[in-house]
Number of protein chains: 2
Amino acid sequence: MMNKFTKGYLQKYRNISRDIEENYINLHPIQAGGRIPNDPKVLQTIIDFIDGYSTCDFCLTGKLNEISTPPICDLHEDLAIFCDMDSARLTPGCRQAQFSTIHALTSPNDTIIVDSLAHYTTYISAERAGVNIVEIPHNGGPLYELNFDIVSDLIQKIKNNTGKKPKLLFLTHVDYNYGNLNDTKEISKIAHENDIPLVINGAYSIGRMPISGKKLGADVMTASLHKSFASPAPSGLLLVNEPYDKIIFKSSEIQSEWSKRTFHNKEIELLGCTLPGVITMGIMAAFPHVINRVKKWDDEVKKAQFFSKAMENLGEIYQMGQKPHQHDILKFETPAFQKISDKHPRKGFFLYEELKRNKIWGIQPGLTKTIKLSTYGQSWDNLKYCIEIFSKIINSF
Amino acid sequence: MMNKFTKGYLQKYRNISRDIEENYINLHPIQAGGRIPNDPKVLQTIIDFIDGYSTCDFCLTGKLNEISTPPICDLHEDLAIFCDMDSARLTPGCRQAQFSTIHALTSPNDTIIVDSLAHYTTYISAERAGVNIVEIPHNGGPLYELNFDIVSDLIQKIKNNTGKKPKLLFLTHVDYNYGNLNDTKEISKIAHENDIPLVINGAYSIGRMPISGKKLGADVMTASLHKSFASPAPSGLLLVNEPYDKIIFKSSEIQSEWSKRTFHNKEIELLGCTLPGVITMGIMAAFPHVINRVKKWDDEVKKAQFFSKAMENLGEIYQMGQKPHQHDILKFETPAFQKISDKHPRKGFFLYEELKRNKIWGIQPGLTKTIKLSTYGQSWDNLKYCIEIFSKIINSF
């Protein structure tokens, strides 16, 4: 079978470049917050640390988060401060942070409460940990807001049905689908009255907007740095407040019977060191930029609100989710486009293709019933141009 | 607390470069196999995909391993062929691949058999999964070879003590400490006679030497691509043969009760997509180089054997582990250096410092009782120069 790998065959893995044009306006909802800063020095740091274990040149304790050259130790402390949480660990993705949390705080067959707008990784993390999910319902269209009033009843029902209270309350801070920003006041009150840890997934908030985990009432927060922290993938963040740090960041206790080895400097739920090498350095290099950009969050919200309104003004386009919108993730019902696709020879693909022809990128090919996009980091001019093109497309068919 | 982040304070995260000189000879045992290929086109691909979700531009099915532009789907198939295993998934590190395997194939309180030279991540993965470890002993110094004769007895003892057979046999193909290469014939025979899956950790073999998982008798193999596949970190590989693929790569089955969402395209033990973005592209760009380099494995072994012998010829230096050595990881007992450190004002640090002065890098600072290094990828001239310097150090004190 190895004969397959001729020079000609392997050509397909050589000289690969990203197949989209650099000067396109990219509205892709999962890509907007993960673009690395437009700063050649960030790229230089990344290139410098591109080899495998590049961050481990001066490791003294065998713990990634204690390395001081480069300042990975400081970075961990500062990421915790940045999110106003007690302690932080980098992880290879938000999903790993979610699973570590659920796995550490539950046992199989326990029940947890999850908001019904959670990302798929929350469901899969719970499934992998073998726990049952009870969902916080939302009120459906057009707002898709979560019904927190019912949470106390859910807790009581779980107690009645299983004899135990739910092991954690999981809330998605900003949902991936409608970009709804949740007020956490009510749910954190309920969580703490019932002594249940509140886990808040900040995949679409940490790195985009200023966050105080403590003000949000979080016991644990998770973040996706390749989604919202201008970082390369895979990169996530797990933030934990006392006393849950003692459980989630518990160190290894086993002693190998025969070889008598112990691993006290390794944290079980992190499987030891999490993110050696270039990704951590990408996060570090992005950090000063991210600190600056969250200060401009109000502008980002204004741009999203402008865009929402301008799209609706085109007619037969309706923004779904909260209004006025508080986040750059925007989902629209778009009968205006669907009507065109019904008659167009390229069917649902016409919209993607028309946009691409006009150097706009990131709308899912084939979809016209609804579209989802992000205005994050776009200039006002870019957004006005996009509105112009959407308008032109509607009018030309 | 955010006031801490002044421009001056954040300066420490800017313009960071790797604090070792490029023209040094790097003998660091965990870094040797993870250096990306010396090919500007590889770096160009990496830079091109540096933004967060850069590989997801043309994702159609929501599965990373099914993306065809760039050819991530082909890469998965070809990685399986390269290792002669049925199927492959990229993971954010070998430890994640190990944990997925143990978690999928065991239940808490089960027992597994692990070789006593396994890496710490194997122990921590088992600890996280809540399973008990019974170790295959080794015969101690100077060879540190595993005693496979005892494995059948261990299986019987576990059956007697727990009423169940061990759920898996875990063998480290090449151990991290002595660089011993294990013959798997005996243990794979025992595993299959007892119908117990054999998991082989190829962290130090896959990407360095030609591997046929099927000839090794593996049911599962794990690999560290930032350790041995010329790839940036974090990157690992999970290779599974039938019928275990159905368990380890099992798809999500839950249906969210309220929102009626299902996630059938997501694999539970992988938490869905594992490695979006730049790391996967680094692996892809390295792949043609790795296919070529494993063909030169015999030369690498010759260099290691030359180096071992030349070091021993310096006097009071003894290579630990198998002889003649079959791998580039070399550990030496070095009374020659320890004697110097006893009298040297810099104590154990003298060796590190003397080597660094002579542009040799990668020996753990402070250690002189034993030293560990890798000859992987070094030219004959470099290795001869290193021997010369080691000799000069011994003679000058």
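Residues numbered from 1 in each chain as written. Chains lettered and ligands numbered in written order. Predicted model: local features only at pLDDT ≥ 70, side-chain atom pairs only at ≥ 80, totals over all residues. Heavy atoms only, no water.

Peer 1: Looking at this structure, how should I read the overall build of chain A?
Peer 2: Across its full length, chain A holds 15 helices and twelve strands. In terms of overall dimensions, chain A has C-alpha extents of about 75 × 60 × 50 Å along its principal axes. Split into buried and exposed, the 397 residues of chain A put 63% on the buried side. Taking the contacts inside chain A whose residues are at least 6 apart along the sequence as the reference set, 65% of them involve residues at least 24 apart. Taking the average place of the 46 positive charges on the side chains of chain A and the average place of its 44 negative ones, the gap between the two points comes to 6 Å. (Helix = DSSP H or I, 4+ residues; strand = E, 2+ residues; numbered from the N terminus. Buried < 20%, exposed > 50% of the residue type's maximum accessible area, 1.4 Å probe, protein only. Contact = heavy atoms within 4.5 Å. Lys, Arg positive; Asp, Glu negative; His and termini not counted. Charge placed at Lys NZ, Arg CZ, Asp CG, Glu CD.)

Peer 1: How should I be thinking about the relation of the copies chain A and chain B in this particular structure?
Peer 2: Each of the two chain copies goes to the other by way of a rotation about an axis and a shift along it. Expressed as a screw operation, the relation of chain A to chain B combines 0.0 Å of axial shift with a rotation of 180°, fitting to an RMSD of 0.0 Å. Each copy turns onto its partner about a two-fold axis. The rotation axis passes nearest to the C-alpha of P92 of chain A in chain A, at a distance of 3.2 Å. A share of 100% of the interface residues of chain A reappears at the interface of chain B, consistent with the copies meeting face to face through the same patch. (Least-squares fit on C-alpha atoms with pLDDT ≥ 70 in both.)

Peer 1: Sorry if this is basic, but what is going on with helix α2 (residues 40–48) of chain A here?
Peer 2: For an α-helix the count is 3.6 residues per turn, leaving residues at separations of three or four pointing the same way. All names here are of chain A. Among the residues of α2, those classed as buried are V42, T45 and I46. Projected down its long axis, α2 carries its buried residues within an arc of 100°, all on one side. Where the residues of α2 are buried, they touch α11 (278–294). Structurally, the start of α2 carries an N-cap: the backbone nitrogen of K41 is 2.8 Å from a side-chain oxygen of D39. (Arc of directions from axis to C-beta. Polar contact = N/O pair within 3.5 Å; in protein donor to acceptor, adjacent residues only side chain to side chain.)

Peer 1: When you look at the packing of helix α4 (residues 94–105) of chain B against helix α5 (residues 120–129) of chain B in this model, what are you seeing that I'm missing?
Peer 2: For any two helices packed against each other, the geometry comes down to the angle between their axes and how far apart the axes lie. All names here are of chain B. Direction vectors running N to C along α4 and α5 enclose 40°, while the axes themselves pass 9 Å from each other. Taken as axis vectors, α4 and α5 run oblique relative to one another. For α4 against α5, the interelement crossing comes out right-handed. Contacts between α4 and α5 involve R95, Q98, F99, I102 and H103 from the first element and Y120, T121, T122, S125, A126, R128 and A129 from the second. The class makeup of the residues in the contact of α4 with α5 is five nonpolar, five polar and two charged. (Axes fitted to C-alpha atoms, helices over the stretch in contact; angles between N-to-C directions. Parallel < 35°, antiparallel > 145°, perpendicular 65-115°, else oblique. Left-handed = near helix turned anticlockwise from the far one by under 90°. Nonpolar A, V, L, I, M, F, W, Y, C, P; charged D, E, K, R; others polar.)

Peer 1: Please clarify how the domain arrangement of chain A should be interpreted in this entry.
Peer 2: Interface size, as often reported, equals the accessible area lost upon joining of the parts. Residues and elements named next belong to chain A. When the domains of chain A are assigned, the result is domain 1 (40–293) and domain 2 (296–396). One C-alpha centre belongs to domain 1, the other to domain 2; they are set 31 Å apart. With 18 residues of domain 1 at the contact, the number on the domain 2 side is 14 residues. Area buried by domain 1 at its contact with domain 2 is led by Y178, R208 and R293, which between them contribute 34% of it. One can count one salt bridge joining domain 1 with domain 2. A salt bridge links D328 to R208; its shortest N-O distance comes to 2.6 Å. Along the contact surface separating domain 1 from domain 2 lie twelve residue pairs in polar contact (both at pLDDT 80 or more). Residues belonging to the side of domain 1 that touches domain 2 are distributed by class as follows: ten nonpolar, five polar and three charged. (Domains from an automatic or database assignment. Buried area = accessible area lost by both parts, 1.4 Å probe. Salt bridge = Lys/Arg side-chain N within 4 Å of Asp/Glu carboxyl O.)

Peer 1: Whenever I open this one, the sheet that holds strand β12 (residues 370–374) of chain B confuses me. Can you help?
Peer 2: Residue and element names in this part refer to chain B. Read from one edge to the other, the open sheet built from three strands follows the order β9-β10-β12, with strand pairing classed as antiparallel. Bordering the open sheet on either side are β9 (318–320) and β12, each of which pairs with just one other strand. Each adjacent strand pair in this sheet contributes to an overall mean axis angle of 35°, direction not counted. (Pairing = 2+ DSSP bridges.)

Peer 1: Just checking my understanding: could you explain the packing of aromatic side chains for this structure?
Peer 2: Aromatic ring pairs are reported here in terms of the distance separating the ring centres and the angle at which the planes meet. Under the definition given, this model contains 32 aromatic pairs over all chains. Centroid distance F99 of chain A to F99 of chain B: 6.1 Å. Interplanar angle 50°. Geometry classified as tilted. Here F99 of chain A, found in helix α4 (residues 94–105), pairs with F99 of chain B, found in helix α4, and the two come from separate chains. According to the relative accessible area criterion, F99 of chain B is buried, its value standing at 0%. Summarising the aromatic geometry, the rings of F82 of chain B and F287 of chain B are spaced 5.6 Å apart at their centres and angled 85° between planes, so their arrangement reads as edge-to-face. Here F82 of chain B, found in helix α3 (residues 72–82), pairs with F287 of chain B, found in helix α11 (residues 278–294); they are 205 residues apart in sequence, far enough to count as distant. (Phe/Tyr/Trp six-rings, centres within 6.5 Å; stacked < 30°, edge-to-face > 60°.)

Peer 1: Even after reading the chapter, I still don't get the pattern of salt bridges, so can you show me in this structure?
Peer 2: Opposite charge on two side chains allows them to pair when their charged atoms are near. Residues and elements named next belong to chain A. Counted according to the given criterion, the structure contains 40 salt bridges over all chains. K250 is the partner of E253 in a salt bridge, and the nearest nitrogen-oxygen pair spans 3.9 Å. Residue class for K250 comes out partly exposed when judged on its relative accessible area of 36%. A salt bridge links K323 to E312, with the shortest nitrogen-to-oxygen separation between them at 2.7 Å. In this pair, K323 sits in the loop between β9 (318–320) and β10 (329–333) while E312 sits in helix α12 (residues 297–313), placing the two residues eleven residues apart along the sequence. Residues participating in the shared-partner salt-bridge network are K63, E66, R89 and E267.

Peer 1: Hey, could you run me through the interface of chain A and chain B in this one?
Peer 2: If you look at the interface, chain A gives 102 residues, while chain B gives 102 residues. Both faces combined, the contact of chain A with chain B buries some 9300 Å², and carbon together with sulfur accounts for 62% of it. Area buried by chain A at its contact with chain B is led by Y53, R128 and L271 of chain A, which between them contribute 10% of it. Linking chain A with chain B are ten salt bridges, by the criterion used here. Note that R18 of chain B is salt-bridged to D51 of chain A, the shortest N-O span being 3.9 Å. Summed over the shared surface of chain A and chain B, the result is 66 residue pairs in polar contact (both at pLDDT 80 or more). For the side of chain A that touches chain B, the secondary structure elements donating two or more residues are α1 (7–10), α2, α3 (72–82), α4, α5 (120–129), α9 (225–228) and α11 of chain A. No other element matches the ten residues that α11 of chain A contributes to the side of chain A that touches chain B. Class assignment of the residues belonging to the side of chain A that touches chain B gives a composition of 53 nonpolar, 26 polar and 23 charged.

Peer 1: Looking at this structure, I do not really get α5 of chain B. What am I missing?
Peer 2: Here α5 of chain B lies mainly inside the structure; ten of its ten residues are buried. Elements that come into contact with the buried residues of α5 of chain B comprise α4 of chain A together with α4, β3 (111–115), β4 (132–136), β5 (169–172) and β6 (198–201) of chain B. With its phi angle positive at about 75°, G130 of chain B sits one or two positions after the end of α5 of chain B.

Peer 1: Please explain the environment of N132 of chain B as it appears in this structure.
Peer 2: Residues and elements named next belong to chain B. With respect to the helices and strands, N132 occurs in strand β4. Classification of N132 as partly exposed rests on a relative accessible area of 39%. Once the C-alpha coordinates of N132 and G163 are considered, the two residues, 31 residues apart in sequence, prove to be 14 Å apart. Once you skip the residues sitting within four places of it in the chain, N132 turns out to touch N109, D110, T111 and I112. Within the structure, the side chain of N132 is placed 3.4 Å from the backbone oxygen of N109, a separation counted as a polar contact.

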